[in-house]
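Examination of the molecular architecture
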Amino acid sequence: MKLATSLFSYAYEWNSGQFSLEDVIAETRKRDLGTGLEIIGFQSLRGFPYISDQTEKEVKNLLDKYEFEPVALDANIDVAIKRHTKMSIDETVEYIKPQILAAQKLGFPILRCQTTAPAEVYQKLVPFAEKANVVMGIELHTPYSVDHPSVIKMAEMFGQMQTHVLGFVPDMGTCMRAIPEALLTSFKTAGVTDEMIVITKEIWHKDIPTPAKFGELAQRLVPMGATPPQIGRLNMAFSMNGRQPVENWKEIMPYVVHVHGKFYGFDENGDEPSIDYPAIFKVFHEGGYKGYISSEYEGSAFTDEFDAFDQVEKQHKLFKKIIQTIHP
């Protein structure tokens, strides 16, 4: 597996206004954080998905100047952007087309897409994507594990279409071994107690659907005096942290076009305690995957305690250590 960095990792630094696009790319190169770069369209590019010639020149110059390979451009599939109704199949198709053209114009071979659009949308987009020569990589983010009905339907459609422009982008937040402690600790600002956290951990380990976990959590916490905002915060532990076995990725390996290396933090040994990356690399290596894995730091979603550049650097150090054990 080759190493890349997603600029999503620097969401806090970017939103603070402290860094320009060149600043974050330059710092990523300075710290030697991979050979590939993943850019978030609506986050990083003014006017996205409509790319001006000036923006095209700027992005391509930055990639060339700092010697990064363009790996993936991240789309947003906002099917509920209207207040009272969701987009139809055809409306969603038209919403994605300019984002495909943006990836083509900027030279990104993959457009990271989302499961918010059903299989029918991507099936209709195949001729358009083939003409643009852009792969639509559908991200498998919690709760969309490989055995989710929508993912099964998507994989069946991939098999029927027999095209190079359809694939999956597994997100490693789907196969976690624990809820990040930093995430749980952050809930205490809303008044969540240690007892509530213990119950949340207990329910998280159960092999039941995510909606059932939401229901059980409310049923058990309301009598304890938990408020709707507190329960809503704790529900994030179920919606963001999946328990799919790592080995299950083997089922869709032929369709994997890119990987998101989601992470939350590290222990004193430099390991990610909530995600078993040695096991993950082993599965993808044995499955023959030779593409990129992008570091995607999620910690800034709930804490500004850590510097994101430092965190990504720690993950790359871990990744290089794991790769060395696979290819000594």
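Values in this document were obtained by computation on a predicted structure and should not be read as measured data.

This paragraph deals with the overall build of the protein chain. Along its length, the protein chain carries 13 helices and eight strands. On C-alpha atoms alone, the protein chain measures out to a radius of gyration of 20 Å, which is about the 20 Å that the 2.2 N^0.38 rule sets for 328 residues. Scored against the burial criterion, the 328 residues of the protein chain give a buried share of 51%. Counting contacts in the protein chain only where the partners sit at least 6 residues apart, residues at least 24 apart contribute 80% of the total.

Their axes nearest at 10 Å, the elements helix α9 (residues 194-204) and helix α11 (residues 228-240) cross at an angle of 35 degrees. α11 is crossed by α9, and the crossing has right-handed handedness. Contacts between α9 and α11 pair Met196, Thr200, Ile203 and Trp204 from the former with Gln230, Leu234, Ala237 and Phe238 from the latter. Classifying every residue of the contact of α9 with α11 by side-chain character gives six nonpolar, two polar and no charged.

Time to look at the UniProt feature "domain: Xylose isomerase-like TIM barrel" (unreviewed entry) in the protein chain. Mapped onto this numbering, the UniProt entry gives "domain: Xylose isomerase-like TIM barrel" (unreviewed entry) at residues 37-313. With 43% helix and 13% strand, the stretch residues 37-313 has end C-alpha atoms that lie 14 Å from each other.

Core analysis: the largest hydrophobic core is formed by 96 residues, its most contacted members being Leu73, Tyr122, Met136, Trp249 and Tyr277. Here the element with the most residues in this core is helix α6 (residues 119-132); it accounts for seven residues. Counting residues in each nonpolar core, the second largest holds six residues, with Ala4, Val71, Ile110 and Val135 among its members.

Let us look at the packing of aromatic side chains. Inspection of every chain in the model, using the stated rule, returns 13 aromatic pairs. A centroid spacing of 4.6 Å and a plane angle of 40 degrees characterise the contact between Phe158 and Phe168, whose relative ring orientation is tilted. Placement of the pair is Phe158 in helix α7 (residues 149-161) and Phe168 in strand β6 (residues 166-170), with a sequence separation of 10 residues. Take Phe168: its relative accessible area is 0%, and that puts it in the buried class. Between Phe158 and Tyr255, the ring centres sit 5.3 Å apart and the planes meet at 75 degrees, which makes this aromatic pair edge-to-face. Taken together, the positions of Phe158 in helix α7 and Tyr255 in the loop between α11 and β7 (259-263) put the pair 97 residues apart, joining distant regions of the chain. Here a set of aromatic residues connected by ring pairs shows up, and it is made of Tyr10, Phe19 and Phe309.

Bringing the sheet that holds strand β3 (residues 69-74) into the picture now. On the basis of which strands lie adjacent, the open sheet formed by eight strands has the order β6-β5-β4-β3-β2-β1-β8-β7 and parallel pairing. The sheet is open, and its two edges are formed by β6 and β7, each paired on a single side. Direction aside, neighbouring strands of the sheet carry axes that sit 30 degrees apart on average. Strand contacts of α6: β4 (110-113), β5 (135-140) and β6, with the helix running at about 145 degrees to β5, the strand carrying the most contacts.

Looking now at the layout of surface pockets. Size it by volume and the largest pocket reaches roughly 450 Å³. Forming the boundary of the largest pocket are 21 residues, of which Ser145, Ile208, Thr210, Arg243 and Gln244 lie nearest the centre. With three residues, helix α10 (residues 210-221) is the largest single contributor of residues to the lining of the largest pocket.

This part covers the pattern of salt bridges. Following the criterion strictly, the structure yields 25 salt bridges and no others. Among the salt bridges present, the one from Arg112 reaches Asp74, with a minimum N-O distance of 3.7 Å. In this pair, Arg112 sits in strand β4 while Asp74 sits in strand β3, placing the two residues 38 residues apart along the sequence. Side by side, Arg112 and Asp74 carry an identical accessibility label, which is buried. Overlapping salt bridges bring together Glu27, Arg31, Asp310 and Glu313 as one network.

With that out of the way, let us pick up unusual backbone geometry. A cis amide bond links Phe48 to the next residue, Pro49, at an omega of 10 degrees. Looking at the element boundaries, Pro49 is found in the loop between α3 (41-44) and α4 (53-65). Note the cis peptide between Thr142 and Pro143, where omega equals 10 degrees. Within the secondary structure layout, Pro143 lies in the loop between β5 and α7. In this model, Asp32 sits at a positive phi of 60 degrees, which is unusual for a non-glycine residue. Checked against the element boundaries, Asp32 lands in the loop between α2 (21-30) and β2 (36-40). Since its relative accessible area comes to 42%, Asp32 is described here as partly exposed. Residues other than glycine seldom take positive phi values, yet Asn133 does so here, at roughly 55 degrees. Following the sequence through the fold, Asn133 ends up in the loop between α6 and β5. Look at Asn133 and you get exposed, because its relative accessible area is 51%.

Conventions and cut-offs
Residues numbered from 1 in each chain as written. Predicted model: local features only at pLDDT ≥ 70, side-chain atom pairs only at ≥ 80, totals over all residues. Heavy atoms only, no water. Helix = DSSP H or I, 4+ residues; strand = E, 2+ residues; numbered from the N terminus. Rg over C-alpha atoms; globule rule 2.2 N^0.38 Å. Buried < 20%, exposed > 50% of the residue type's maximum accessible area, 1.4 Å probe, protein only. Contact = heavy atoms within 4.5 Å. Axes fitted to C-alpha atoms, helices over the stretch in contact; angles between N-to-C directions. Left-handed = near helix turned anticlockwise from the far one by under 90°. Nonpolar A, V, L, I, M, F, W, Y, C, P; charged D, E, K, R; others polar. UniProt positions renumbered as here; feature names shortened; annotations may be inferred. Core = buried A, V, L, I, M, F, W, Y, C linked by side-chain atoms within 4.5 Å. Phe/Tyr/Trp six-rings, centres within 6.5 Å; stacked < 30°, edge-to-face > 60°. Pairing = 2+ DSSP bridges. 1 Å grid on protein atoms, 1.4 Å probe; cavity = no way out; pocket = protein on both sides within 12 Å on 5 of 7 lines; lining within 4 Å. Points joined across faces, edges and corners; volume = space filled by probe spheres on them. Salt bridge = Lys/Arg side-chain N within 4 Å of Asp/Glu carboxyl O.

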